[in-house]
Amino acid sequence: MSGEPVLRVREVRKSFGDHAALDGVSLEVREGEVVTVIGPSGSGKSTLVRCVHQLEAIDGGAMYLDGELLGHEFHRGHLRPLPARKVAAQRSRMGMVFQQFNLFAHWSVLRNLTEPQVLVHGTPVEKAREEALRLLERVGLSDKAQAHPRQLSGGQQQRVAIARALATNPRIMLFDEPTSALDPELVDEVLSVVRDLAGGGMTMIIVTHEMSFAREVADRCVFMEKGRVVETGTPEEIFEHPRSPRLRAFLSRFS
Ligand code: ADP
Ligand code: MG
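Residues numbered from 1 in each chain as written. Chains lettered and ligands numbered in written order. Predicted model: local features only at pLDDT ≥ 70, side-chain atom pairs only at ≥ 80, totals over all residues. Heavy atoms only, no water.

1. A closer look at the packing of helix 3 (residues 109-121) against helix 5 (residues 154-167)
Working note: a packed helix pair is described by the angle between its axes plus the distance between those axes.
Piece 1. It is the contact of helix 3 with helix 5, at a shortest axis distance of 8 Å, that shows an interaxial angle of 20°. By the criterion of interaxial angle, the relationship of helix 3 to helix 5 is roughly parallel. The two elements helix 3 and helix 5 cross, and the hand of that crossing is right-handed. Only Val160, Ala163, Arg164 and Ala167 of helix 5 make contact with helix 3, whose side of the interface consists of Val109, Asn112, Leu113, Pro116 and Gln117.
Piece 2. Among the residues forming the contact of helix 3 with helix 5, the class breakdown is 6 nonpolar, 2 polar and 1 charged. (Axes fitted to C-alpha atoms, helices over the stretch in contact; angles between N-to-C directions. Helix = DSSP H or I, 4+ residues; strand = E, 2+ residues; numbered from the N terminus. Parallel < 35°, antiparallel > 145°, perpendicular 65-115°, else oblique. Left-handed = near helix turned anticlockwise from the far one by under 90°. Contact = heavy atoms within 4.5 Å. Nonpolar A, V, L, I, M, F, W, Y, C, P; charged D, E, K, R; others polar.)

2. Side note on the site of ligand 1
Piece 1. In the vicinity of ligand 1, the residues found are Phe16, His19, Ala21, Pro40, Ser41, Gly42, Ser43, Gly44, Lys45, Ser46 and Thr47.
Piece 2. Residue serine 43 places a main-chain N or O atom 3.1 Å away from an oxygen atom belonging to ligand 1.
Piece 3. Between ligand 1 and serine 46, the relevant distance is 2.8 Å, taken from an oxygen atom to a side-chain nitrogen or oxygen of the residue.
Piece 4. For ligand 1, the accessible surface in isolation is 560 Å², of which the surrounding protein chains cover 59%.
Piece 5. When contributions to the shell around ligand 1 are tallied by element, the ones reaching two or more residues are strand 2 (19-29) and helix 1 (45-52).
Piece 6. In terms of residue count, the dominant contributor to the shell around ligand 1 is helix 1 (3 residues).
Piece 7. A per-class count over the shell around ligand 1 returns 3 nonpolar, 7 polar and 1 charged. (Near = heavy atom within 4 Å. Polar contact = N/O pair within 3.5 Å; in protein donor to acceptor, adjacent residues only side chain to side chain. Areas by Shrake-Rupley, 256 points an atom, 1.4 Å probe, with all protein chains shown as cover.)

Structure (C-alpha coordinates):
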(Lines give C-alpha, C1' and ligand atoms only; values in the text may rest on other atoms or scores of the structure.)
(Ligands and ions follow the chains in the order given, each with its own letter.)
Protein backbone atom coordinates (compact mmCIF):
# COMPACT_ATOMS: atom_id res chain seq x y z
CA MET A 1 0.00 0.00 0.00
CA SER A 2 1.33 3.43 -0.84
CA GLY A 3 0.24 7.04 -0.94
CA GLU A 4 -1.46 9.13 1.69
CA PRO A 5 -2.57 7.23 4.77
CA VAL A 6 -6.24 7.56 5.70
CA LEU A 7 -5.22 8.86 9.12
CA ARG A 8 -2.00 10.48 10.18
CA VAL A 9 -1.36 11.43 13.80
CA ARG A 10 1.84 13.39 14.34
CA GLU A 11 3.42 14.13 17.70
CA VAL A 12 0.07 14.73 19.32
CA ARG A 13 0.04 16.04 22.86
CA LYS A 14 -2.90 16.34 25.18
CA SER A 15 -2.81 17.25 28.86
CA PHE A 16 -5.43 17.32 31.56
CA GLY A 17 -4.15 19.89 34.03
CA ASP A 18 -0.47 19.09 34.36
CA HIS A 19 -0.94 15.43 33.47
CA ALA A 20 0.16 14.51 29.95
CA ALA A 21 -2.41 11.96 28.75
CA LEU A 22 -0.76 11.97 25.30
CA ASP A 23 2.91 12.82 25.28
CA GLY A 24 3.83 13.03 21.60
CA VAL A 25 1.93 10.22 19.90
CA SER A 26 2.43 9.46 16.22
CA LEU A 27 0.50 6.90 14.24
CA GLU A 28 -0.49 6.23 10.67
CA VAL A 29 -3.34 4.11 9.45
CA ARG A 30 -3.42 3.17 5.80
CA GLU A 31 -6.40 2.31 3.66
CA GLY A 32 -7.90 -1.00 4.73
CA GLU A 33 -5.53 -1.37 7.63
CA VAL A 34 -6.64 -2.57 11.06
CA VAL A 35 -4.58 -1.15 13.91
CA THR A 36 -5.23 -2.43 17.40
CA VAL A 37 -4.16 -0.42 20.44
CA ILE A 38 -3.32 -2.14 23.70
CA GLY A 39 -1.86 -0.91 26.96
CA PRO A 40 -2.55 -0.57 30.66
CA SER A 41 -5.43 1.45 32.04
CA GLY A 42 -4.61 5.16 32.00
CA SER A 43 -2.06 4.89 29.19
CA GLY A 44 -3.98 7.29 26.95
CA LYS A 45 -5.76 4.89 24.58
CA SER A 46 -9.19 6.48 24.96
CA THR A 47 -7.72 9.95 24.83
CA LEU A 48 -6.04 9.08 21.55
CA VAL A 49 -9.21 7.99 19.78
CA ARG A 50 -11.21 10.78 21.40
CA CYS A 51 -8.70 13.31 20.07
CA VAL A 52 -8.86 11.77 16.60
CA HIS A 53 -12.63 12.00 16.73
CA GLN A 54 -12.26 15.58 18.00
CA LEU A 55 -14.15 15.02 21.19
CA GLU A 56 -11.04 16.46 22.85
CA ALA A 57 -8.96 19.36 21.54
CA ILE A 58 -5.26 18.58 21.23
CA ASP A 59 -2.56 20.78 22.77
CA GLY A 60 0.14 20.08 20.23
CA GLY A 61 0.99 18.13 17.10
CA ALA A 62 -1.36 17.57 14.19
CA MET A 63 -3.78 15.03 12.75
CA TYR A 64 -4.78 14.53 9.14
CA LEU A 65 -7.67 12.64 7.61
CA ASP A 66 -7.03 11.83 3.95
CA GLY A 67 -4.36 14.51 4.04
CA GLU A 68 -6.70 17.15 5.43
CA LEU A 69 -5.74 18.82 8.69
CA LEU A 70 -8.22 17.98 11.44
CA GLY A 71 -9.65 20.64 13.71
CA HIS A 72 -7.68 23.57 12.32
CA GLU A 73 -7.30 25.52 9.12
CA PHE A 74 -4.82 28.00 7.75
CA HIS A 75 -6.07 31.54 7.67
CA ARG A 76 -3.77 34.33 6.47
CA GLY A 77 -0.75 32.23 7.21
CA HIS A 78 -1.87 31.24 10.69
CA LEU A 79 -3.51 28.13 12.07
CA ARG A 80 -6.88 28.73 13.64
CA PRO A 81 -9.47 26.35 15.06
CA LEU A 82 -12.14 25.27 12.62
CA PRO A 83 -15.66 26.51 13.22
CA ALA A 84 -17.91 23.91 14.90
CA ARG A 85 -19.80 23.23 11.67
CA LYS A 86 -16.60 22.20 9.88
CA VAL A 87 -15.45 20.12 12.82
CA ALA A 88 -18.78 18.30 12.69
CA ALA A 89 -18.29 17.66 8.98
CA GLN A 90 -14.85 16.18 9.61
CA ARG A 91 -16.16 14.10 12.48
CA SER A 92 -18.88 12.68 10.26
CA ARG A 93 -16.17 11.11 8.12
CA MET A 94 -15.24 8.90 11.08
CA GLY A 95 -17.36 6.37 12.93
CA MET A 96 -16.82 5.93 16.63
CA VAL A 97 -17.99 3.14 18.90
CA PHE A 98 -17.74 3.63 22.66
CA GLN A 99 -17.68 1.26 25.62
CA GLN A 100 -21.11 2.51 26.54
CA PHE A 101 -23.25 2.21 23.47
CA ASN A 102 -24.70 5.73 23.68
CA LEU A 103 -27.83 4.92 21.69
CA PHE A 104 -30.79 7.27 21.98
CA ALA A 105 -32.99 5.39 24.44
CA HIS A 106 -36.25 6.96 23.36
CA TRP A 107 -35.75 6.21 19.68
CA SER A 108 -36.29 2.93 17.88
CA VAL A 109 -33.26 1.10 16.53
CA LEU A 110 -34.29 2.16 13.04
CA ARG A 111 -34.44 5.82 13.98
CA ASN A 112 -31.07 5.59 15.72
CA LEU A 113 -29.69 4.52 12.35
CA THR A 114 -31.61 6.82 10.02
CA GLU A 115 -31.35 10.08 11.95
CA PRO A 116 -27.55 10.51 11.64
CA GLN A 117 -27.72 9.98 7.88
CA VAL A 118 -30.51 12.51 7.49
CA LEU A 119 -28.89 15.07 9.80
CA VAL A 120 -25.29 14.65 8.70
CA HIS A 121 -25.58 13.99 4.99
CA GLY A 122 -29.09 15.16 4.23
CA THR A 123 -29.92 11.67 2.98
CA PRO A 124 -33.61 11.36 2.03
CA VAL A 125 -35.48 9.43 4.76
CA GLU A 126 -36.49 6.57 2.46
CA LYS A 127 -32.91 6.02 1.35
CA ALA A 128 -31.67 6.28 4.95
CA ARG A 129 -34.17 3.58 5.94
CA GLU A 130 -32.94 1.27 3.21
CA GLU A 131 -29.37 1.80 4.31
CA ALA A 132 -30.34 1.25 7.96
CA LEU A 133 -32.03 -2.04 7.15
CA ARG A 134 -29.02 -3.15 5.11
CA LEU A 135 -26.73 -2.34 8.05
CA LEU A 136 -28.98 -4.13 10.52
CA GLU A 137 -28.75 -7.21 8.35
CA ARG A 138 -24.99 -6.85 8.32
CA VAL A 139 -24.84 -6.89 12.14
CA GLY A 140 -27.42 -9.67 12.35
CA LEU A 141 -30.30 -7.62 13.76
CA SER A 142 -32.79 -7.37 10.91
CA ASP A 143 -35.62 -8.31 13.24
CA LYS A 144 -34.88 -5.50 15.73
CA ALA A 145 -35.58 -2.44 13.59
CA GLN A 146 -38.63 -1.41 15.60
CA ALA A 147 -37.23 -2.34 19.00
CA HIS A 148 -36.06 0.23 21.51
CA PRO A 149 -32.53 -0.04 22.94
CA ARG A 150 -33.78 -1.10 26.41
CA GLN A 151 -35.38 -4.16 24.82
CA LEU A 152 -32.01 -5.34 23.54
CA SER A 153 -29.12 -7.09 25.26
CA GLY A 154 -25.86 -5.19 25.69
CA GLY A 155 -24.34 -7.13 22.82
CA GLN A 156 -27.25 -6.28 20.55
CA GLN A 157 -27.09 -2.63 21.57
CA GLN A 158 -23.42 -2.51 20.76
CA ARG A 159 -24.08 -4.08 17.35
CA VAL A 160 -26.65 -1.35 16.72
CA ALA A 161 -24.06 1.23 17.79
CA ILE A 162 -21.63 -0.24 15.26
CA ALA A 163 -24.30 -0.12 12.54
CA ARG A 164 -25.02 3.48 13.47
CA ALA A 165 -21.35 4.42 13.20
CA LEU A 166 -21.26 2.77 9.77
CA ALA A 167 -24.40 4.54 8.60
CA THR A 168 -22.61 7.73 7.63
CA ASN A 169 -20.20 5.73 5.48
CA PRO A 170 -17.03 6.66 7.40
CA ARG A 171 -13.50 6.58 6.06
CA ILE A 172 -12.30 5.08 9.31
CA MET A 173 -13.88 3.36 12.29
CA LEU A 174 -12.64 4.06 15.81
CA PHE A 175 -13.46 1.55 18.53
CA ASP A 176 -12.80 2.27 22.20
CA GLU A 177 -12.99 -1.02 24.11
CA PRO A 178 -16.27 -1.97 22.46
CA THR A 179 -16.71 -5.10 24.58
CA SER A 180 -15.53 -3.99 28.00
CA ALA A 181 -19.00 -3.09 29.26
CA LEU A 182 -20.48 -6.41 28.15
CA ASP A 183 -21.20 -9.58 30.06
CA PRO A 184 -18.64 -12.18 28.97
CA GLU A 185 -21.15 -14.28 27.05
CA LEU A 186 -22.02 -11.26 24.85
CA VAL A 187 -18.47 -10.38 23.86
CA ASP A 188 -18.16 -12.79 20.95
CA GLU A 189 -21.17 -11.57 18.98
CA VAL A 190 -19.70 -8.06 18.99
CA LEU A 191 -16.16 -9.16 18.16
CA SER A 192 -17.50 -11.21 15.29
CA VAL A 193 -19.12 -8.10 13.78
CA VAL A 194 -15.84 -6.20 14.11
CA ARG A 195 -14.00 -9.16 12.59
CA ASP A 196 -16.38 -9.11 9.60
CA LEU A 197 -15.68 -5.41 9.10
CA ALA A 198 -11.95 -6.09 9.14
CA GLY A 199 -12.43 -8.85 6.59
CA GLY A 200 -14.44 -6.45 4.45
CA GLY A 201 -11.51 -4.05 4.22
CA MET A 202 -12.69 -1.36 6.63
CA THR A 203 -9.95 0.94 7.92
CA MET A 204 -10.01 0.78 11.71
CA ILE A 205 -8.37 1.66 15.00
CA ILE A 206 -9.49 -0.72 17.71
CA VAL A 207 -8.63 -0.09 21.35
CA THR A 208 -9.17 -3.35 23.14
CA HIS A 209 -8.24 -5.29 26.23
CA GLU A 210 -9.13 -8.56 24.50
CA MET A 211 -5.58 -9.66 23.78
CA SER A 212 -6.34 -12.63 21.56
CA PHE A 213 -8.67 -10.47 19.49
CA ALA A 214 -6.11 -7.65 19.31
CA ARG A 215 -3.68 -10.13 17.91
CA GLU A 216 -5.98 -11.97 15.55
CA VAL A 217 -7.69 -9.03 13.86
CA ALA A 218 -4.73 -6.63 13.54
CA ASP A 219 -2.52 -5.83 10.62
CA ARG A 220 -0.51 -3.80 13.08
CA CYS A 221 -0.58 -3.50 16.84
CA VAL A 222 0.40 -0.53 18.98
CA PHE A 223 1.38 -0.76 22.64
CA MET A 224 0.87 2.43 24.64
CA GLU A 225 2.04 3.30 28.09
CA LYS A 226 2.04 6.60 29.97
CA GLY A 227 0.82 8.60 26.99
CA ARG A 228 3.38 7.27 24.56
CA VAL A 229 3.58 4.64 21.88
CA VAL A 230 6.17 2.30 23.38
CA GLU A 231 6.20 -0.30 20.66
CA THR A 232 4.46 -0.96 17.37
CA GLY A 233 4.66 -3.94 15.08
CA THR A 234 2.92 -6.83 13.44
CA PRO A 235 0.81 -8.95 15.79
CA GLU A 236 3.56 -11.54 15.71
CA GLU A 237 6.23 -9.00 16.64
CA ILE A 238 4.16 -7.57 19.47
CA PHE A 239 2.84 -10.79 20.94
CA GLU A 240 5.63 -13.26 20.11
CA HIS A 241 8.72 -11.09 20.17
CA PRO A 242 8.05 -8.08 22.38
CA ARG A 243 11.21 -5.99 22.65
CA SER A 244 10.55 -3.60 25.49
CA PRO A 245 10.48 -4.87 29.09
CA ARG A 246 7.31 -2.88 29.67
CA LEU A 247 5.44 -4.64 26.90
CA ARG A 248 6.72 -7.99 28.16
CA ALA A 249 5.53 -7.17 31.65
CA PHE A 250 2.15 -6.05 30.31
CA LEU A 251 1.64 -9.20 28.24
CA SER A 252 2.70 -11.49 31.08
CA ARG A 253 -0.42 -10.39 32.98
CA PHE A 254 -2.57 -12.11 30.37
CA SER A 255 -0.78 -15.44 30.17
P1 ADP B 1 -6.90 4.56 28.84
O2 ADP B 1 -8.02 4.68 27.88
O3 ADP B 1 -5.66 4.01 28.25
O4 ADP B 1 -7.29 3.83 30.09
P5 ADP B 1 -7.29 7.41 29.12
O6 ADP B 1 -7.01 7.95 27.79
O7 ADP B 1 -8.70 7.26 29.52
O8 ADP B 1 -6.51 6.03 29.32
O9 ADP B 1 -6.62 8.32 30.23
C10 ADP B 1 -5.26 8.71 30.15
C11 ADP B 1 -4.96 9.59 31.33
O12 ADP B 1 -5.65 10.82 31.20
C13 ADP B 1 -5.38 8.99 32.65
O14 ADP B 1 -4.44 9.34 33.63
C15 ADP B 1 -6.70 9.66 32.92
O16 ADP B 1 -6.95 9.74 34.29
C17 ADP B 1 -6.50 11.02 32.29
N18 ADP B 1 -7.77 11.59 31.79
C19 ADP B 1 -8.48 11.11 30.76
N20 ADP B 1 -9.57 11.87 30.52
C21 ADP B 1 -9.53 12.86 31.44
C22 ADP B 1 -10.37 13.98 31.72
N23 ADP B 1 -11.47 14.25 31.00
N24 ADP B 1 -10.00 14.80 32.74
C25 ADP B 1 -8.90 14.56 33.46
N26 ADP B 1 -8.06 13.52 33.24
C27 ADP B 1 -8.36 12.68 32.25
MG1 MG C 1 -9.92 3.84 27.93
